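Single-letter residue listing:
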Amino acid sequence: MKNLLSIRFLILITHLMLLVNHIHDKAGDTRLCFVKSQLTSDFEPSPTQLIKSLYTSIVLVIFEVIVCMIGVSIFYPFVGLFSIFAHGSATLVLLYGNEWSCSFAWWLMSESCLLPVLGELVLFVRLIISRMY
């Protein structure tokens, strides 16, 4: 159980560092959003779309780090394993992904950040309801 918590924390911090790194790498953002078949008119709003996705991901990962530190899901290993899998896969995609469309960033954010946060929120609401009754 302790190893699961430490692995989860390390993967969350690694994912957060990669997201911050991608925000500060403007040339990389432009390269990531560029698809060879895309027209210049389609290319203009894409970097801002990617930046919005990265900032949303950062907020959700910070929220999950805070919830991990509070210890709401410490006794539910399925939530921890799901978070490790989701953030680990997103970390690998951010680390080794060369070219994708900017719409893929929203899919990556929803798979890697939104679903684990929703799992944490469902668990938190379930714990509050069980304590009330």
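Here the structure is shown first, and the text comes after it.
Thresholds applied
Residues numbered from 1 in each chain as written. Predicted model: local features only at pLDDT ≥ 70, side-chain atom pairs only at ≥ 80, totals over all residues. Heavy atoms only, no water. Helix = DSSP H or I, 4+ residues; strand = E, 2+ residues; numbered from the N terminus. Buried < 20%, exposed > 50% of the residue type's maximum accessible area, 1.4 Å probe, protein only. Contact = heavy atoms within 4.5 Å. Areas by Shrake-Rupley, 256 points an atom, 1.4 Å probe, with all protein chains shown as cover. Core = buried A, V, L, I, M, F, W, Y, C linked by side-chain atoms within 4.5 Å. Salt bridge = Lys/Arg side-chain N within 4 Å of Asp/Glu carboxyl O.

Q: Tell me about the overall build of the protein, and name the residues and values.
A: Across its full length, the protein holds 6 helices and 0 strands. Moving toward the C terminus, one meets the helices and strands of the protein in the order α-α-α-α-α-α. Buried residues in the protein amount to 38% of all 133 residues. Put simply, of all contacts in the protein between residues at least 6 apart along the chain, 82% involve residues at least 24 apart. Roughly 8200 Å² of accessible area belongs to the protein as shown, and the carbon and sulfur atoms make up 73% of that amount.

Q: An account of the nonpolar core is needed here, citing residue identities and associated values.
A: Ranked by internal contacts, the top residues of the largest apolar core, which has 19 residues, are L12, L19, L54, I58, L60, V61 and L94. For this core, the leading source of residues is helix α4 (residues 46–70), giving 7 residues.

Q: Which residues make up the pattern of salt bridges, and what are the values?
A: Here the structure, examined in full by the defined rule, presents 2 salt bridges. Here E64 makes a salt bridge to R8, at a shortest N to O gap of 3.3 Å. Highlighted residues: E64 in helix α4 and R8 in helix α1 (residues 2–24), separated in sequence by 56 residues. This pair shows no difference in class: E64 is buried, exactly as R8 is. Across the pair E120 and R8 runs a salt bridge, and its minimum N-O distance is 2.2 Å. In this pair, E120 sits in helix α6 (residues 102–132) while R8 sits in helix α1, placing the two residues 112 residues apart along the sequence. By relative accessible area, which is 2% here, E120 ends up buried. Classification of R8 as buried rests on a relative accessible area of 3%.

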